[in-house]
Amino acid sequence: MDKQRQNRFEQFEPPRRIASIASSVNHVFLYEKNHPGSQSDDNPQRMLSDALLYIEWTKPVVEPNLKVELGELSQLIIGWQQNWQEFWHTPSGRTTVVKQCKQWSDKLIEASGLAKLHI
């Protein structure tokens, strides 16, 4: 299944791939906004796992400076996943994750160039 998904994803141009990463991390922000304090964490975990896949599939086709940024985001997500209970199930940890997801989403949308198309 992941191979089919990867093949479909890799047909997208880099700006759309970057926007997909942004969308995945933004969904974590939106989940918390719509379900504040919810103990359910399936959706945020799935969105972050998707973001990691999209990063892996996108890094080979972007400029070096963006590869570095995507690597930083990837490491951040992996850190959250390894300490999920601390990050998602404590108010301060959740605030950190949600805030950083929103910041990364905004940054990636800007980097994709797609934000300029919606002016």
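For the structure, check the block above.
In this report, we go over the structure that sits alongside the text. For clarity, every value in this text was computed on a predicted model and none was experimentally measured. (Residues numbered from 1 in each chain as written. Predicted model: local features only at pLDDT ≥ 70, side-chain atom pairs only at ≥ 80, totals over all residues. Heavy atoms only, no water.)

Here's the deal with the overall build of the protein
Along the protein, the regular secondary structure elements total six helices and zero strands. In sequence order, the secondary structure elements of the protein are arranged as α-α-α-α-α-α. Relative to the 2.2 N^0.38 estimate, which gives 14 Å for 119 residues, the radius of gyration of the protein is 14 Å and therefore close to what a compact globule would have. Seen along its three principal axes, the alpha-carbon backbone of the protein occupies a region of about 35 × 35 × 25 Å. Counting across all 119 residues of the protein, residues that qualify as buried make up 39%. Long-range pairs, those at least 24 residues apart, make up 71% of the contacts in the protein with a sequence separation of at least 6. (Helix = DSSP H or I, 4+ residues; strand = E, 2+ residues; numbered from the N terminus. Rg over C-alpha atoms; globule rule 2.2 N^0.38 Å. Buried < 20%, exposed > 50% of the residue type's maximum accessible area, 1.4 Å probe, protein only. Contact = heavy atoms within 4.5 Å.)

Some thoughts on the environment of Gln103
Assignment of secondary structure puts Gln103 in helix α6 (residues 91-112). Residue classification places Gln103 among the partly exposed residues on the basis of a relative accessible area of 44%. Spatially, the C-alpha atom of Gln103 lies 14 Å from that of Ala51, the residues being 52 residues apart in sequence.

Looking at the nonpolar core
Core analysis: the biggest nonpolar cluster contains 28 residues, and Val25, Leu48, Leu73, Ile77, Trp80 and Leu108 have the highest contact counts within it. For this core, the elements supplying multiple residues, two or more each, are α2 (14-34), α3 (42-58), α4 (64-82), α5 (84-88) and α6. Per-element tally for this core: the top contributor is α3, with seven residues. Look past the residues within four positions of Ile77 in its chain and what remains in contact with it is Val25, Leu48, Ala51, Leu52 and Ile55. (Core = buried A, V, L, I, M, F, W, Y, C linked by side-chain atoms within 4.5 Å.)

Concerning the pattern of salt bridges
Opposite charge on two side chains permits them to pair, given that their charged atoms come into close proximity. For the coordinates displayed, the defined rule picks out five salt bridges. In this structure, Arg94 and Glu32 form a salt bridge, with 2.5 Å as the shortest nitrogen-oxygen distance. Pair noted here: Arg94 is in helix α6 and Glu32 is in helix α2, with a separation of 62 residues, a long-range link. For the residue pair Arg94 and Glu32, the accessibility class agrees, reading buried in each case. With a shortest N-O distance of 3.6 Å, Glu69 and Lys107 are connected by a salt bridge. Of the two residues, Glu69 is situated in helix α4 and Lys107 in helix α6; the sequence distance between them amounts to 38 residues. Residue Lys107 is classed as partly exposed on the basis of its relative accessible area of 38%. A network of salt bridges, in which partner residues are shared, links Asp2, Arg5 and Asp50. (Salt bridge = Lys/Arg side-chain N within 4 Å of Asp/Glu carboxyl O.)

Honestly, it's all geometry; don't read function into it.
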